Structure formats: C-alpha cells, structure tokens
Amino acid sequence: MAFNNISALTSPLSELQLSKLQQAMADLTPVQMAWVSGYLAAVSQAPATVETAVSSGQHLTILFGSQTGNSKGVAEQLADQATAKGITNVLVSMADYKVKNIKAETHLIVVVSTNGEGEAPDDAIDFHEFLATKKAPKLDNLKFAVLALGDSSYEFFCQTGKDFDQRLTALGATAIIDRLDADIDYEQQTPEWFEQVLDKVEQTIEKGGFVAPSKASIETPVSANKYDKKSPFAASLLTSQKITGARSTKDVRHIEIDLEGSDLHYKAGDALGVWFENDPQLVDALIKRLKLDPQEQVKIDDKNVSLKEALTESLELTATHPAFVEGYATLTKSKKLLTLAADKSKLRDFANTHQIIDVISKRGCKAVTAEKFVTLLRHLSPRLYSIASSQTEVEQEVHLTVGALTFENTDGEVRQGGASGFLAHRLQEGQQVKVFIEDNHNFRLPANPETAVIMVGPGTGIAPFRAFLQERDATEATGKNWLFFGEQTFNEDFLYQTEWQGFLKSGLLTNLDLAFSRDQAEKIYVQDRLKENAREIYQWLQEGAHFYVCGDANRMAKDVQQTLIEIIGTQGKKSLEDAEQYLTELRQAKRYQRDVY
C-alpha cells in the first residue's frame, strides 16, 4: 500500500499527526525512506533512559508550569536547594512530562502560575486536564506539595495551583505541607516554604543507591546569559520614538536599547525584563500626603534605608492590589475604605483603576507611620516586554514596542504606568536601564525554515512578530509568512507600517491583513479578518503552518481562539469536539503558540 494512501481510519495516528507525517515523508527518496524506517524502528526499541531512570527508585520530581518564566525560575531554585540537601530530584516542564509516570511517583512538588481568569499556563494545560479525567490513576502512594504563583489583583488568584492541590488530593495523594499561594512578591515568600517542604521530603523519602539523571539532561535548557533578574545588566537607552500619530488616543513607543558589553543573547520570541525606578514626583507627592519625613529610616530586606529611597527603588507604587487597600483601611479605620474592602468585586475594580497615592487620598493618614506604611507595600518587580527585534539583524541591540500607560482615575487625576512611564517619559537617551533576558521556550519560530507561519498580533502584540520577520529575513527562511494586525485607526495607529510594506514588496511577507476598528461605523477586529480568510487559513494549517497569537489574554486571545476553532470546524467539516481536539493537537505539536498577557 502506498504511504500517502493510508487512511486515518486504519492508523493509530490522529488525522493531524498523519497529515504531518505524510508531509515529512513526501519528498524522500527510497534510500532516505529506508533510513528513516530503520531509525524509527531503533528509536521505538531504545530504552527510555529518562523514564527508566526516574522510575527505578524513590526521588523527588519537581514539575513546573510557567507562562512568563517565573514558575520555571522558582522551580530551578527549589531543585538546586534539594540537590544541596542531597535529595535526588528531577526537574521537568509539565509540557514535557509523560502523564503515565504520575502513578509511579512517590514525591512530587508542583510549581505553577495562573493565567487570566484562573486558567492554566499553556505548558500545563494537558497535565492539568489529565488529572481531572477518569484516566487519572489513584495516587495513594504519592506525597506532594503545591507552590502556586499568582497576582492577588485578579479574582482567580492562584487558581491553577488550587486546582492541582484539590485534584491530587481527590486522587488519594497526601499533602506533606500546606499549599503556598504566592503573590507578585513571591521571592519574599518562597524561601521559608522551600526549607519547610524539603525538610518534609527528607523525612519521608527513602535514600540510598539511586542516582537520577542530571537536571540538564531533562529540563528546559537554562539560559547561558550571565546577567539575570537578580543581577541585571546596566544597558543604555539609544532611542525612544513615538510611533503613533499626533491624534492617536495611544502613546506607543519604539524603544532601542544598547546591550554592548553584556554578551546577552536572545532569540525571537524572548522577553526583556526591565527594572525601573518610581517617578520622583510621585514619591514626593506621596510622602507629602502622608506627612512623613523622607529621610526617616525604614527596613527593607533587613537593610535600613531612607523612606524616599525605599519608595523610589524598592516598593511598588503604581500597581495597587486589594491587600494594600484592606491593610490601609484597617490601619486608618477608614469607614469608606472598610466598606469598599468588604465587597471583593468592587475592591478589585478599585485596585485596578487606582494607584497607591489614590488610596491615600481617599482618607486621611492618621496612625500611619513610615514603618507601618512600607509593610503594606509589595516589592517592586520588573516588567517583561516581548522583544521586537532579531539579534541576528540588530546584533548588540534589543528593541521593544511599549504602550505608555496613561489614564485618569475616577477623580480625573492623570496617572502613568510605572515601567512604561519610565521608558517613555523619564529615561533619556544615554541613560542607563537595568535589563535581563527572559527566555520564552513556548514561543519560538519553527525549526524548519520552510514551514509557513501565521501571526496574529494587534496593538503592541505586534512586537514579537517584528522579531520573527527580521529573523526569517536575515536567515533567508523560505517559508510563507502571514501577518494579521489590528488597531484603532489606519492613519494614527498603523505601527511599523513602512516595515510591513517593505516586507510585502520583497516577498518576505506573503499576506498582510489589517483590521482598524474605528475607521468605519462597524468595528472590525483581527478575528473578523481571520473569518474572512477561513478557507486559506485552514489550508495553511493542513499544510503544516504554525499559528501564533500575541497580545491581550482576556479578550483578543480568547476571541481569536474561538474563531480558530470555528474555522477548523467549518472548513474541516468537524464537530465542535473534533475541532477543539485538532487545536489541542496543534498546541501539543507546538504549532499553536501564544504570548498573552
């Protein structure tokens, strides 16, 4: 029987897997076909070294599910501390974990973040869903712990971690320590938990005679960059250029930063971590409203510094969170704030639209000392921006596309974002900014340069696709490229217009579809353009194209995903369930990737 005539009905492969296999084999000569056949036969008979090693004795398995890299970093720290204690451990991404191995585990620690409205990060979806199915085995012999990362500003704080905790317990596993729900300033919360959980593992694990494979052989490769989140590089600003028009309602900046002397390396799809200082004017205004002495000493991380220095360099002032409002209400005994804090929904809405100084303004500052005030604040954390350049193209530079956040609170006072205000307005050319590279292994161009890609990036979500196209141009990749971009107006908000036109002219960009929502009476969005091109999109997917989405997680990304499912269903004549399974298989094959926030 000819290979290309094999029916999906007679094959153990899914339709999508069979299609991919047929594409891969289509151009092979008989000699090459024979070699591949022998290679696959050898692979199928080879011992599964990692699986065999990790199942031949008691050890600690550390699983991480991470969208932006925080959970991965925390898991790596935990694994290092376990190794230092002499605890044999295996560190693995949930995306790479064989779910059938769970029934053989004896000790498991889950480190996982939560996306949007309580959703699992992309690399944790399969494992998260598996534990909720009837296929999940009984885990009576498993001892486990969960470290959940989240942001208390969101309604479903640490929901994915809570799900894992509940599902493992329901399957009979025993928690050896209470789950830790860590907020944005998780680095201050995790050390004590690490010590406690590893002590419990030491007390219950059987040691001796078993040697696990090294971490590096099974985990996602660790960045070789010598500068990181804790030790950032002091780079200098080259350019901060406004790329929206004078009449635009948005202030979007093209930022160029000089990395010379850092030896920092990044790939298209990675993010740049940016440390920033709070606006000096905001700090002064806050201290004045609190009627405090800017030089009064306060303790930050066991170090005494002035109140002004602490508020400028160490503490978060722009992103309010519900716990601060509750704490300040209790401290000041403000009836208005206490009433607000009692309604969790209104409290979250208030925190999302007000900054710290706005909370202070709502009520007086009686009984607020400098020491008490700083204990209510979260530590300053860096912001992550999708990199908008290919290092192959720009060498010792890194480019960003930054939307400068400016808004009016309910009292009509203008507020700016912390990092975006710093990059767009306060940082001058030649001045230093502390940066580091955050690897994003879940958002990568296909390894085969001949593979087609479809990119959906409205607004500043266009950033990584500028990097993708620069990379494919510089490396002379021959695969087709299709870009969907959306914004409010053509004349004022068409980011990087001349670059896309240049790529169209050169032939690098095969298709460019635009959606400007306010240029006509009826609003048009990127998902509408996807629907208009449904037949060709499905054809590209059937031919092996990779599909990428970058931008807003709560609205745009969900609408695009739903539209993609509809396209697969209608064009492939599939049921809703089959269309969703098709998309799942795309994701598992890393052909459907998202960088959403």
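Residues numbered from 1 in each chain as written. Predicted model: local features only at pLDDT ≥ 70, side-chain atom pairs only at ≥ 80, totals over all residues. Heavy atoms only, no water.

**Q** Teacher, can you tell me more about the overall build of the chain here?
**A** If you tally the helices and strands in the chain, you get 23 helices and 21 strands. The 597 residues of the chain split such that 52% are buried. Across the chain, every contact between residues at least 6 apart in sequence was considered, and the portion connecting residues at least 24 apart equals 77%. As displayed, the chain offers around 28,300 Å² of accessible surface, 49% of which is attributable to carbon and sulfur atoms. (Helix = DSSP H or I, 4+ residues; strand = E, 2+ residues; numbered from the N terminus. Buried < 20%, exposed > 50% of the residue type's maximum accessible area, 1.4 Å probe, protein only. Contact = heavy atoms within 4.5 Å. Areas by Shrake-Rupley, 256 points an atom, 1.4 Å probe, with all protein chains shown as cover.)

**Q** Please explain a negative patch on the surface as it appears in this structure.
**A** On the surface, Glu393, Glu395, Asp473 and Glu476 cluster together into a negatively charged patch. Tracing the backbone through its elements, the reader meets Glu476 in the loop between helix H17 (463-474) and strand S18 (481-487). (Patch = residues over 30% accessible without salt bridge, like charges linked within 9 Å, V, L, I, M, F, W, Y side chains within 5 Å. Salt bridge = Lys/Arg side-chain N within 4 Å of Asp/Glu carboxyl O. Lys, Arg positive; Asp, Glu negative; His and termini not counted. Charge placed at Lys NZ, Arg CZ, Asp CG, Glu CD.)

**Q** How do you make sense of the sheet that holds S18 when you look at a structure like this?
**A** Pairing between sheet strands relies on hydrogen bonds along the backbone, with the strands arranged either parallel or antiparallel. An order of S19-S18-S17-S20-S21 is seen for the five strands of this open sheet, with the pairing classed as parallel. Where the open sheet ends on each side, the last strands, each with one partner, are strand S19 (511-516) and strand S21 (592-596). Neighbouring strand axes in the sheet, compared pairwise and without regard to direction, differ in orientation by 10° on average. Those strands touched by helix H21 (residues 534-542) are strand S17 (453-456), S18, S19 and strand S20 (546-551), and its axis lies near 135° from that of S18. Taken strand by strand, helix H22 (residues 556-571) contacts S17, S20 and S21, and its axis lies near 155° from that of S20. (Pairing = 2+ DSSP bridges. Axes fitted to C-alpha atoms, helices over the stretch in contact; angles between N-to-C directions.)

**Q** Just to check I follow, could you spell out the packing of H22 against helix H23 (residues 576-588) for this structure?
**A** Packed helix pairs are specified by the crossing angle of their axes together with the interaxial distance, meaning the distance between the axes. Two numbers describe how H22 lies on H23: the axes approach to 9 Å, and their chain directions differ by 115°. As judged from the angle between their axes, H22 and H23 are roughly perpendicular. Between H22 and H23 the crossing geometry is right-handed. Residues Gln561, Leu564, Ile565, Ile568 and Gly569 of H22 touch H23, and the partners they reach there are Leu576, Ala579, Glu580, Tyr582 and Leu583. (Parallel < 35°, antiparallel > 145°, perpendicular 65-115°, else oblique. Left-handed = near helix turned anticlockwise from the far one by under 90°.)

**Q** Quick question: what am I supposed to make of the packing of aromatic side chains here?
**A** Any two aromatic rings considered together are summarised by their centre-to-centre distance and by the angle between their planes. By the definition in use, this model includes 21 aromatic pairs. Measuring from centroid to centroid gives 6.1 Å for Tyr496 and Trp500, while their planes differ by 75°, and the two rings are edge-to-face. Residue Tyr496 is classed as buried on the basis of its relative accessible area, which comes to 9%. Aromatic ring contacts, followed pair by pair, group Phe443, Phe465, Phe468 and Tyr548 into a single cluster. (Phe/Tyr/Trp six-rings, centres within 6.5 Å; stacked < 30°, edge-to-face > 60°.)

**Q** Could you clarify how one ought to interpret the sheet that holds strand S13 (residues 397-403) in this entry?
**A** Spatial ordering of the open sheet is given by S12-S9-S16-S7-S8-S13, a layout of six strands whose pairing is antiparallel. In this open sheet, the two edge strands, each paired with only one partner strand, are strand S12 (383-386) and S13. Taken pair by pair, the neighbouring strands of this sheet meet at an average axis angle of 40°, ignoring direction. Bridge analysis of strand S7 (residues 233-242) against strand S16 (residues 432-438) gives four bridges, and the strand direction is antiparallel. Counterpart to Ala235 in the pairing with S16 is Val433.

**Q** Which parts of the structure should I look at to understand the pattern of salt bridges?
**A** A side chain with one charge may pair with a side chain of the opposite charge, provided their charged atoms come close. Using the criterion set out here, one finds 25 salt bridges in the structure. Of the charged contacts in the structure, one is a salt bridge between Lys85 and Asp199, with a shortest N-O distance of 3.3 Å. Of this pair, Lys85 sits in the loop between helix H4 (70-84) and strand S2 (89-93) while Asp199 sits in helix H7 (residues 190-204); the two residues are 114 residues apart in sequence, bridging distant segments of the chain. Close ionic contact of Asp284 with Lys308 constitutes a salt bridge, the shortest N to O distance being 3.4 Å. Here Lys308 lies in helix H9 (residues 307-313) and Asp284 lies in helix H8 (residues 280-290), a separation of 24 residues in the sequence. Under the relative-accessibility criterion, Asp284 is labelled partly exposed at 37%. Residues joined by salt bridges that share partners form a network here, namely Lys85, Asp199 and Glu202.

**Q** Mind showing me how you'd approach unusual backbone geometry here?
**A** Only a minority of non-glycine residues have a phi that is not negative, and only a minority of peptide bonds are not trans. Despite not being glycine, Asp302 has its phi angle at roughly 65°, a positive value. Looking at Asp302, the relative accessible area reads 75%, which means it is exposed. Here Tyr496, not a glycine, exhibits a phi torsion of approximately 60°, which is positive. Position of Tyr496 among the secondary structure elements: in the loop between helix H18 (490-493) and helix H19 (497-506).

**Q** Can you help me understand the packing of H17 against H19 in this one?
**A** The contact between H17 and H19 brings their axes to 12 Å, and the two run at 35°. H19 is crossed by H17, and the crossing has left-handed handedness. Of H19, the residues touching H17 (which contributes Phe465, Arg466, Leu469 and Asp473) are Glu499, Trp500 and Phe503. Residue composition of the contact of H17 with H19, by class: four nonpolar, no polar and three charged. (Nonpolar A, V, L, I, M, F, W, Y, C, P; charged D, E, K, R; others polar.)

**Q** Would you explain helix H12 (residues 344-353) in this entry?
**A** Among all positions of H12, only Leu347, Arg348, Phe350 and Ala351 are buried. Each buried residue of H12 lies within a common arc of 165° when the element is viewed along its axis, so the set occupies one face. More than 90 degrees from the buried face of H12, the exposed residues found are Lys346 and Asn352. (Arc of directions from axis to C-beta.)

**Q** When you look at the pairing of strand S8 (residues 252-258) in this model, what are you seeing that I'm missing?
**A** As a general feature of sheets, a regular strand has side chains that alternate between the two faces. Of all seven residues in S8, seven are buried; the element is thus mostly enclosed. The two faces of S8 match: Val252, His254, Glu256 and Asp258 on one face and Arg253, Ile255 and Ile257 on the other face are all buried. Pairing analysis gives six bridges linking S7 to S8, with the strands arranged antiparallel. Bridge assignment links Thr239 to a residue of S8, and that residue is Glu256.

**Q** Could you clarify how one ought to interpret the confidence of the model for the chain in this entry?
**A** Note that predicted coordinates carrying low pLDDT should not be read in detail. With 86% of its residues at a pLDDT of at least 70, the chain reaches an overall mean of 88. Considering only residues more than four positions removed or in separate chains, one finds that residues 1-11, a stretch of pLDDT under 50, has 13 contacts. In the predicted structure, residues 42-56 sits below a pLDDT of 50 and forms eleven contacts with residues beyond four places in sequence or in another chain. (pLDDT = per-residue confidence, 0-100.)

**Q** Is there a simple way to explain the nonpolar core in this structure?
**A** Across soluble globular proteins, you tend to see nonpolar side chains buried next to one another. One finds Leu286, Leu311, Phe324, Tyr328 and Phe373 to be the most contacted residues of the largest nonpolar core, which totals 33 residues. When contributions to this core are tallied by element, the ones reaching two or more residues are H8, strand S10 (297-300), H9, helix H10 (322-332), helix H11 (335-342), H12, helix H13 (356-362) and helix H14 (370-376). Beyond its immediate chain neighbours, meaning those up to four positions away, Leu311 contacts Asn278, Val283, Leu286, Ile287, Leu317, Phe373 and Leu377. Within the second largest apolar cluster, 31 residues are counted, among which are Ile537, Leu541, Met556 and Ile568. (Core = buried A, V, L, I, M, F, W, Y, C linked by side-chain atoms within 4.5 Å.)

**Q** Can you walk me through H10 in this structure?
**A** An α-helix turns once every 3.6 residues. As a result, residues three or four positions apart point the same way. Of all eleven residues in H10, eight are buried, a share of seventy percent or more. Inspection of H10 places Pro322, Phe324, Val325, Gly327, Tyr328, Ala329, Leu331 and Thr332 among the buried residues, and these make up the whole buried set. Directly after H10, the chain includes Lys333, whose backbone phi takes a positive value near 55°.

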